[in-house]
Amino acid sequence: CSFAPEENECILNATLRNRAEFPQAYPHLEITLTDARDKALVRRVLEPAQWLPADAPKDAFPAHREIAAQVAFEAPMVAAAGYRVWVFYP
């Protein structure tokens, strides 16, 4: 995640891999911005449609495939020092 503090903008670049032998559903992503002590300041959960690149297969995450996701978002008034990204299935 790269921050532009003067603009309160963050760009998350993440690579997700399906290591399974079969296609799977796409996961949700939880992005948490943290302070210098790793305390959560703000969280955002993204559904697959919010992070999935336009050229990715829409029906399922193909077996043995990597997908590069890029998500830009603003975090005004948040003095973030770090972040966490969790991949999960609701």
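Look up a bit, the structure's there.
Scoring rules and cut-offs
Residues numbered from 1 in each chain as written. Predicted model: local features only at pLDDT ≥ 70, side-chain atom pairs only at ≥ 80, totals over all residues. Heavy atoms only, no water. Core = buried A, V, L, I, M, F, W, Y, C linked by side-chain atoms within 4.5 Å. Buried < 20%, exposed > 50% of the residue type's maximum accessible area, 1.4 Å probe, protein only. Helix = DSSP H or I, 4+ residues; strand = E, 2+ residues; numbered from the N terminus. Contact = heavy atoms within 4.5 Å. Patch = residues over 30% accessible without salt bridge, like charges linked within 9 Å, V, L, I, M, F, W, Y side chains within 5 Å. Areas by Shrake-Rupley, 256 points an atom, 1.4 Å probe, with all protein chains shown as cover. Salt bridge = Lys/Arg side-chain N within 4 Å of Asp/Glu carboxyl O.

(A) Looking closely at the nonpolar core. Counting residues in hydrophobic clusters, the biggest one holds 19 residues, and the most contacted among them are Leu 16, Tyr 26, Trp 51 and Ile 67. When residues of this core are traced back to their parent elements, those giving at least two are β2 (9-18), β3 (28-34) and β5 (65-74). The residues contacting Tyr 26, other than those within four sequence positions of it, are Pro 48, Trp 51, Leu 52, Ala 56, Pro 57, Lys 58, Ala 60, Phe 61, Pro 62, Ile 67 and Tyr 89.

(B) Summary view of a nonpolar patch on the surface. A grouping of Tyr 83, Val 85 and Val 87 is seen on the molecular surface, where their side chains present a nonpolar patch of about 240 Å² in accessible area. Residue position: Val 87 is located in strand β6 (residues 82-88). By relative accessible area, which is 48% here, Val 87 ends up partly exposed.

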